[in-house]
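# Coordinate analysis (summary)
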Amino acid sequence: MVGFILYQNFRKLRMKAAIALLVIALIGGASAVSYIPLKNAHATPEAKASRLNYLKKVLDGLLLNRHSNKVFATAQEALNNYLDVQWYGPLTIGNPPKTFNVLFDTGSSDFWLMGSNCYSLACFVHSTFAFGKSKTFRDLKQNFSIQYGSGSTAGDVGTDTFTIAGLTCTGCYVGVATTVSNDFYSSKFDGIAGMGWPALSSFPQGIPFFFNLYSQGEVEESVFCFYLSKNEGQTGSTLVFGGVDLIFTSEKELTYAPLAAETYWLIQIDGMGVKGKISDKINVIVDSGTSLLVGSSDVINPILNAIGKEYDCSAPEKSPEIEVHIGGKKFVIPPHLYLLDIQGECLLGIQATDFPAQLGFSVILGDVFMRQYYTCFDAGNRRIGFGLAK
């Protein structure tokens, strides 16, 4: 429900930018750590220079770790950053293989693609999966239906073999969407690859593909991490699979928080707020499929009141920093990350939304938070780690 969130009060941003507000995220590495550098859709000379610095950083990491027991693989794929609110990347599926762009989403657990038998408006403007032409596709004669925070899809469930960053998931679940809501019309991706826990799956007996990659021995450790660039046009955003690589953080070790549930990537934090006025302890989820900082009104409204209505993307220093306290440590979100300059219009990447109590959380830490902090999802140790991103 949470993974692909386009909240209706943010409708103006979606229409103006012609996008679906989201964040892309992650998956694993074969018997080691694999990297997926994220390539921005709007490359500039500055972006190319940043790309060279990124490659140097990866090489430095290889040298730093050459004496360790962990081998750092060099499998890389280009992913795209669209306006700093939508990350998506390539996935190849079937035999003969075909490549699609997918959103990697820790807020949901199912992998689906728009099918060739989909006649929804969104399917006509995206690449579709001709499952009947794949020799490795198996129809399970099962159906699925998923309702996201904004948008929905439904269709049939099957299995096929697909590859990401050189990692192969054999006989893994894939949904073939026959119906897709218009919310996906302007998205830059052809489907969603869910990275939540199996309990969230809408597929009968569905297992999220990263868990399958681990069980099939494609990754050495059941860990994946996000490094997201802070500025539009900046390359270097990376999905790390199969382990933690500290070259993406300026800290010597990550701060970890234990999972409070194995549904969403849900943790308890000590509180959040501005100017030292911090909320009580709350449950939050860390969601790569949500671009914004979204939370209950009792937590978010005091933050919005402190920011006021006169915020200015050209003068972010006039707005306050947001404090998120995790594991006894203060994590700061600077205003230039929550003030979103979308095609010349300054918009606030924070929203108050009261979630149903049964969901078990009050706040979603999405892209606004993850662009500032290198974030590692450690399924094996049931925890999430954070370190200040370089």
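For the structure given in this document, a descriptive report is provided here. These figures come from a predicted structure and were not determined experimentally.

### With respect to the environment of E321
Secondary-structure assignment places E321 in the loop between α4 (297–307) and β18 (322–326). Looking at E321, the relative accessible area reads 45%, which means it is partly exposed. E321 sits 17 residues away from Y338 along the chain, and the two C-alpha atoms are 9.4 Å apart. If we ignore the near neighbours within four places in the chain, the residues touching E321 are G273, V274, V332, I333, P334 and P335.

### Topic: the state of the cysteines
Scanning all chains against the criterion turns up 4 disulfides. For C169, the disulfide goes to C172, at an S-S distance of 1.9 Å. Sign of the S-S torsion, about -85° for the bond between C169 and C172, identifies this disulfide as left-handed. Here C169 and C172 have matching classes, each one buried.

### Focus: the packing of aromatic side chains
Within the structure shown, the criterion is met by 27 aromatic pairs. With a centroid separation of 5.8 Å and an interplanar angle of 85°, the aromatic rings of F224 and W265 are classed as edge-to-face. Taken together, the residues span a long stretch of sequence, with F224 in strand β10 (residues 223–227) and W265 in strand β13 (residues 265–269) at a distance of 41 residues. With relative accessibility at 0%, the residue W265 sits in the buried group. Taking the centre distance of 5.6 Å and the plane angle of 35° together, the rings of F248 and Y374 count as tilted. Of this pair, F248 sits in the loop between β11 (237–241) and β12 (255–262) while Y374 sits in strand β24 (residues 373–378), and the two are 126 residues apart along the sequence. Judged by relative accessible area, F248 falls into the buried class, the value being 0%. Taken together, the ring pairs in this structure connect W197, F210, F211, F224, F226, W265 and F377 into an aromatic cluster. For the cation-ring pair, R383 lies above Y256, with the distance from its terminal atom to the ring centre recorded as 3.6 Å.

### Section: the sheet that holds β18
Strands sit in the order β15-β14-β18-β19 across an open sheet of 4 strands; the sheet is antiparallel. Strands with a single pairing partner mark the edges of an open sheet, and in this sheet they are β15 (277–278) and β19 (329–333). Note that β18 and β19 share 5 bridges and pair antiparallel. Directly across from V324, in β19, lies its bridge partner F331. Each of β14 (271–274) and β18 is contacted by α4, which is oriented at about 20° to β14, the strand it contacts most.

### Some points on the pattern of salt bridges
Going through the model one piece at a time under the given rule, you end up with 5 salt bridges. Here D367 ties to R371 by a salt bridge, and the two come within 4.0 Å at their closest N and O atoms. With respect to class, D367 is no different from R371; both count as buried.

### Some details on α4
Listed in full, the buried residues belonging to α4 are V299, I300, I303 and I307. On an axial view of α4, the arc spanned by its buried residues comes to 75°, and they lie on one face. The exposed residues of α4 that point more than 90 degrees off its buried face are D298 and N305. At the C-terminal side of α4, G308 shows a positive phi close to 80°.

Parameters and conventions
- For every chain, the first residue of the written sequence is number 1, and numbering continues from 1 onward in sequence order.
- Where totals are concerned, whole chains, interfaces and linings use all residues; where local detail is concerned, this predicted model gives features only for residues with pLDDT of at least 70, and gives and counts side-chain atom pairs only at 80 or more.
- Computation of side-chain values covers all heavy atoms of the structure but excludes hydrogens and water.
- Elements are defined by DSSP. Helices are runs of H or I of four residues or more, strands are runs of E of two residues or more, and each kind is numbered from the N terminus.
- Only protein chains enter the area calculation, which uses a 1.4 Å probe; residues under 20% of their type maximum are buried, those over 50% are exposed, and those in between are partly exposed.
- The contact criterion used throughout is that any non-hydrogen atoms of two residues lie within 4.5 Å.
- Two cysteine sulfur atoms form a disulfide, by the criterion used here, when they sit within 2.5 Å.
- Two rings from Phe, Tyr or Trp (for Trp, the six-membered ring) form a pair when their centres are within 6.5 Å of each other. A pair whose planes differ by under 30 degrees is stacked, one over 60 is edge-to-face, and the rest are tilted.
- Here, a charge over a ring is recorded when the distance from Lys NZ or Arg CZ to the ring centre is within 6 Å and its angle to the ring normal is within 35 degrees.
- Strand pairing requires that DSSP identify at least two bridges connecting the strands.
- Between N-to-C directions, angles cover 0 to 180 degrees, with each direction set by a line fitted to C-alpha atoms, over the stretch in contact for helices.
- Any Lys or Arg side-chain nitrogen found within 4 Å of a carboxyl oxygen on Asp or Glu counts as a salt bridge.
- The directions from the helix axis to the C-beta atoms are what the arc is built from.

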